[in-house]
Amino acid sequence: GAIHLAMGQDMTGINWKGPLIRMDYEITLEAMRTAGSDFFCGLTFPFGDKCCSLVLGGWGGGLCGLSNIDYYDAANNQTTQMRSFEDNKWYHVRLRVTPDKMEAWLDEEVLVNINVKGRHIDVRMEMDLSQPLGVATWQTAGAVRNIVMKPVTGGALLPEDEYF
(Lines give C-alpha, C1' and ligand atoms only; values in the text may rest on other atoms or scores of the structure.)
Protein backbone atom coordinates (compact mmCIF):
# COMPACT_ATOMS: atom_id res chain seq x y z
CA GLY A 1 0.00 0.00 0.00
CA ALA A 2 3.02 2.36 -0.07
CA ILE A 3 5.99 3.20 -2.28
CA HIS A 4 9.23 2.96 -0.31
CA LEU A 5 12.12 5.17 -1.37
CA ALA A 6 15.48 3.83 -0.22
CA MET A 7 18.16 6.20 1.04
CA GLY A 8 19.92 7.52 -2.03
CA GLN A 9 23.35 8.81 -2.79
CA ASP A 10 22.12 11.57 -3.02
CA MET A 11 18.51 11.43 -4.22
CA THR A 12 15.88 8.72 -4.74
CA GLY A 13 12.58 9.41 -6.45
CA ILE A 14 9.58 8.39 -8.48
CA ASN A 15 7.87 10.17 -11.38
CA TRP A 16 4.37 10.17 -12.85
CA LYS A 17 4.46 9.48 -16.60
CA GLY A 18 0.72 9.55 -17.37
CA PRO A 19 -1.70 12.36 -18.26
CA LEU A 20 -1.09 15.49 -16.24
CA ILE A 21 -2.99 18.52 -15.03
CA ARG A 22 -0.69 21.56 -15.24
CA MET A 23 -2.83 24.21 -13.48
CA ASP A 24 -5.90 24.47 -11.22
CA TYR A 25 -5.43 21.23 -9.33
CA GLU A 26 -4.90 19.74 -5.90
CA ILE A 27 -2.55 16.90 -4.94
CA THR A 28 -2.94 14.95 -1.72
CA LEU A 29 -0.65 12.24 -0.42
CA GLU A 30 0.75 10.76 2.75
CA ALA A 31 4.51 10.74 3.33
CA MET A 32 6.86 9.57 6.06
CA ARG A 33 10.56 9.54 6.80
CA THR A 34 11.85 6.08 7.73
CA ALA A 35 15.56 6.90 8.15
CA GLY A 36 17.92 9.81 7.63
CA SER A 37 17.87 13.50 8.44
CA ASP A 38 16.96 15.40 5.30
CA PHE A 39 13.88 15.79 3.14
CA PHE A 40 11.60 12.79 2.98
CA CYS A 41 9.11 14.41 0.62
CA GLY A 42 10.29 16.61 -2.20
CA LEU A 43 7.08 16.92 -4.21
CA THR A 44 7.85 18.44 -7.60
CA PHE A 45 4.72 19.65 -9.37
CA PRO A 46 3.73 21.51 -12.54
CA PHE A 47 2.85 25.18 -12.63
CA GLY A 48 1.81 25.76 -16.24
CA ASP A 49 4.94 25.18 -18.33
CA LYS A 50 7.20 25.50 -15.25
CA CYS A 51 7.64 23.35 -12.15
CA CYS A 52 8.18 23.95 -8.44
CA SER A 53 8.92 21.70 -5.44
CA LEU A 54 7.34 21.45 -2.01
CA VAL A 55 10.08 20.34 0.40
CA LEU A 56 9.30 18.64 3.73
CA GLY A 57 12.10 17.99 6.19
CA GLY A 58 15.03 19.49 4.31
CA TRP A 59 18.31 21.04 5.41
CA GLY A 60 18.87 18.84 8.44
CA GLY A 61 15.38 17.44 8.90
CA GLY A 62 12.96 20.26 9.69
CA LEU A 63 12.85 22.81 6.89
CA CYS A 64 9.70 23.13 4.77
CA GLY A 65 8.81 25.42 1.89
CA LEU A 66 8.70 25.90 -1.86
CA SER A 67 11.72 25.77 -4.16
CA ASN A 68 12.09 28.05 -6.09
CA ILE A 69 10.20 31.31 -5.77
CA ASP A 70 11.88 34.29 -7.48
CA TYR A 71 15.12 32.26 -7.72
CA TYR A 72 15.21 31.52 -3.97
CA ASP A 73 14.92 27.96 -2.62
CA ALA A 74 12.84 26.73 0.31
CA ALA A 75 15.53 27.75 2.81
CA ASN A 76 15.60 31.34 1.62
CA ASN A 77 12.16 32.59 0.63
CA GLN A 78 8.94 33.69 2.32
CA THR A 79 7.59 30.09 2.44
CA THR A 80 10.40 28.91 4.76
CA GLN A 81 9.15 27.19 7.94
CA MET A 82 10.72 24.83 10.44
CA ARG A 83 8.78 21.78 11.63
CA SER A 84 9.56 18.71 13.71
CA PHE A 85 9.06 15.35 12.04
CA GLU A 86 9.04 11.92 13.64
CA ASP A 87 10.41 8.89 11.83
CA ASN A 88 7.87 6.23 10.83
CA LYS A 89 4.89 8.58 11.16
CA TRP A 90 2.56 9.28 8.24
CA TYR A 91 1.99 12.97 7.46
CA HIS A 92 -0.95 14.10 5.33
CA VAL A 93 0.14 16.55 2.62
CA ARG A 94 -2.21 18.68 0.52
CA LEU A 95 -1.09 21.06 -2.23
CA ARG A 96 -3.33 23.39 -4.28
CA VAL A 97 -2.03 25.17 -7.40
CA THR A 98 -3.92 27.95 -9.23
CA PRO A 99 -2.59 30.68 -11.58
CA ASP A 100 -2.45 33.19 -8.72
CA LYS A 101 -1.70 31.10 -5.65
CA MET A 102 0.11 28.07 -4.23
CA GLU A 103 -1.19 26.64 -0.98
CA ALA A 104 -0.01 23.66 1.05
CA TRP A 105 -1.20 22.01 4.25
CA LEU A 106 0.56 19.54 6.52
CA ASP A 107 -1.88 17.49 8.61
CA GLU A 108 -4.56 20.14 7.89
CA GLU A 109 -2.36 22.99 9.20
CA VAL A 110 -1.50 25.73 6.69
CA LEU A 111 2.11 25.39 5.60
CA VAL A 112 2.23 27.61 2.49
CA ASN A 113 -0.10 30.36 1.28
CA ILE A 114 1.64 32.50 -1.33
CA ASN A 115 0.53 34.72 -4.18
CA VAL A 116 2.57 33.65 -7.21
CA LYS A 117 1.09 35.91 -9.89
CA GLY A 118 3.98 37.53 -11.77
CA ARG A 119 6.65 35.65 -9.79
CA HIS A 120 9.44 33.50 -11.22
CA ILE A 121 8.69 29.83 -10.48
CA ASP A 122 11.31 27.13 -10.96
CA VAL A 123 13.03 24.13 -9.32
CA ARG A 124 16.50 23.64 -7.89
CA MET A 125 18.84 21.86 -10.28
CA GLU A 126 18.83 18.76 -8.04
CA MET A 127 15.09 18.34 -8.68
CA ASP A 128 15.27 18.50 -12.49
CA LEU A 129 14.77 14.73 -12.86
CA SER A 130 11.58 14.92 -10.76
CA GLN A 131 9.82 17.12 -13.32
CA PRO A 132 7.03 17.52 -14.16
CA LEU A 133 5.50 15.47 -11.32
CA GLY A 134 7.50 13.39 -8.87
CA VAL A 135 8.35 12.69 -5.27
CA ALA A 136 11.94 12.40 -4.06
CA THR A 137 14.04 12.03 -0.91
CA TRP A 138 17.52 13.42 -0.24
CA GLN A 139 19.99 11.14 1.59
CA THR A 140 16.94 9.91 3.47
CA ALA A 141 14.63 6.91 3.24
CA GLY A 142 10.93 7.55 3.07
CA ALA A 143 7.59 6.29 1.85
CA VAL A 144 4.53 7.73 0.11
CA ARG A 145 1.02 6.45 -0.34
CA ASN A 146 -2.49 7.52 -1.36
CA ILE A 147 -1.31 9.96 -4.04
CA VAL A 148 -4.27 11.70 -5.71
CA MET A 149 -4.39 14.59 -8.18
CA LYS A 150 -7.74 16.36 -8.72
CA PRO A 151 -8.65 19.39 -10.82
CA VAL A 152 -10.12 22.42 -9.06
CA THR A 153 -12.12 25.29 -10.52
CA GLY A 154 -12.74 28.59 -8.82
CA GLY A 155 -11.29 27.13 -5.62
CA ALA A 156 -13.72 24.18 -5.61
CA LEU A 157 -13.03 20.56 -6.49
CA LEU A 158 -14.69 19.19 -9.61
CA PRO A 159 -17.00 16.16 -9.34
CA GLU A 160 -15.14 12.91 -8.66
CA ASP A 161 -15.79 11.50 -12.13
CA GLU A 162 -13.80 14.37 -13.68
CA TYR A 163 -10.34 13.53 -12.33
CA PHE A 164 -7.80 10.72 -12.52
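This write-up is about the structure you can find in this document. Keep in mind it's a predicted model, so treat the numbers as computed, not measured.

### Digging into the overall build of the protein chain
- Within the protein chain, the regular secondary structure consists of one helix and 13 strands.
- Since a compact globule built from 164 residues should have a radius of gyration of about 15 Å, the 14 Å found for the protein chain is in line with a globular shape.
- Taking the principal axes of its C-alpha atoms as reference, the protein chain extends roughly 40 × 35 × 30 Å.
- The burial tally for the protein chain puts 48% of its 164 residues in the buried class.
- Excluding contacts between residues fewer than 6 apart, the proportion of contacts in the protein chain whose partners are at least 24 apart in sequence is 63%.
- Of the roughly 7,800 Å² of accessible surface on the protein chain, 50% is carried by carbon and sulfur atoms.
- Of the side-chain charges in the protein chain, 14 are positive and 21 negative, and the distance between the mean point of each set is 2 Å.

### Structural notes on the pattern of salt bridges
- According to the stated counting rule, one finds eight salt bridges in the structure shown.
- Here Arg 33 ties to Asp 87 by a salt bridge, and the two come within 2.6 Å at their closest N and O atoms. Of this pair, Arg 33 sits in strand E3 (residues 25-36) while Asp 87 is found in the loop between strand E7 (81-82) and strand E8 (91-97), placing the two residues 54 residues apart along the sequence.
- Since its relative accessible area comes to 38%, Asp 87 is described here as partly exposed.
- The closest approach of N and O atoms between Glu 109 and Arg 83, which form a salt bridge, is 3.4 Å. Of this pair, Glu 109 sits in strand E10 (residues 109-115) while Arg 83 is found in the loop between E7 and E8, placing the two residues 26 residues apart along the sequence.
- Through salt bridges with shared partners, one network takes in Glu 26, Arg 94 and Arg 96.

### Observations concerning the side chain of Ser 53
- By the element assignment, Ser 53 lies in strand E5 (residues 50-57).
- A relative accessible area of 1% places Ser 53 in the buried class.
- One polar contact links Ser 53 to Thr 44, side chain to side chain, over a distance of 2.7 Å.
- Beyond its immediate sequence surroundings of up to four residues, Ser 53 is in contact with Leu 43, Thr 44, Phe 45, Gly 65, Leu 66, Ser 67, Val 123 and Met 127.

### Describing the nonpolar core
- Counting 34 residues, the largest nonpolar core has Ile 27, Leu 43, Phe 45, Leu 54, Leu 56, Leu 66 and Met 102 as its most contacted members.
- For this core, the elements supplying multiple residues, two or more each, are E3, strand E4 (41-47), E5, strand E6 (63-67), E8, strand E9 (101-106), E10 and strand E12 (140-153).

### Here we look at the pairing of E4
- Among the seven residues that make up E4, seven are buried, leaving the element largely enclosed by the rest of the structure.
- By the alternation rule, side chains of E4 split into Cys 41, Leu 43, Phe 45 and Phe 47 and Gly 42, Thr 44 and Pro 46, which are all buried.
- The pairing of E4 with E5 spans seven bridges and is classified as antiparallel. By the bridge assignment for E5, Cys 41 is matched with Leu 56.

### Comments concerning the sheet that holds strand E2 (residues 11-15)
- Taken in spatial order, the six strands of this open sheet run E2-E11-E4-E5-E6-E7, and their pairing is antiparallel. Because the sheet does not close on itself, it has two edges, and the strands there are E2 and E7.
- Where E2 and strand E11 (residues 134-138) come together, five bridges link them in antiparallel fashion. Bridging from a neighbouring strand, Asn 15 pairs with Gly 134 of E11.

Cut-offs and rules
Residues numbered from 1 in each chain as written. Predicted model: local features only at pLDDT ≥ 70, side-chain atom pairs only at ≥ 80, totals over all residues. Heavy atoms only, no water. Helix = DSSP H or I, 4+ residues; strand = E, 2+ residues; numbered from the N terminus. Rg over C-alpha atoms; globule rule 2.2 N^0.38 Å. Buried < 20%, exposed > 50% of the residue type's maximum accessible area, 1.4 Å probe, protein only. Contact = heavy atoms within 4.5 Å. Areas by Shrake-Rupley, 256 points an atom, 1.4 Å probe, with all protein chains shown as cover. Lys, Arg positive; Asp, Glu negative; His and termini not counted. Charge placed at Lys NZ, Arg CZ, Asp CG, Glu CD. Salt bridge = Lys/Arg side-chain N within 4 Å of Asp/Glu carboxyl O. Polar contact = N/O pair within 3.5 Å; in protein donor to acceptor, adjacent residues only side chain to side chain. Core = buried A, V, L, I, M, F, W, Y, C linked by side-chain atoms within 4.5 Å. Pairing = 2+ DSSP bridges.

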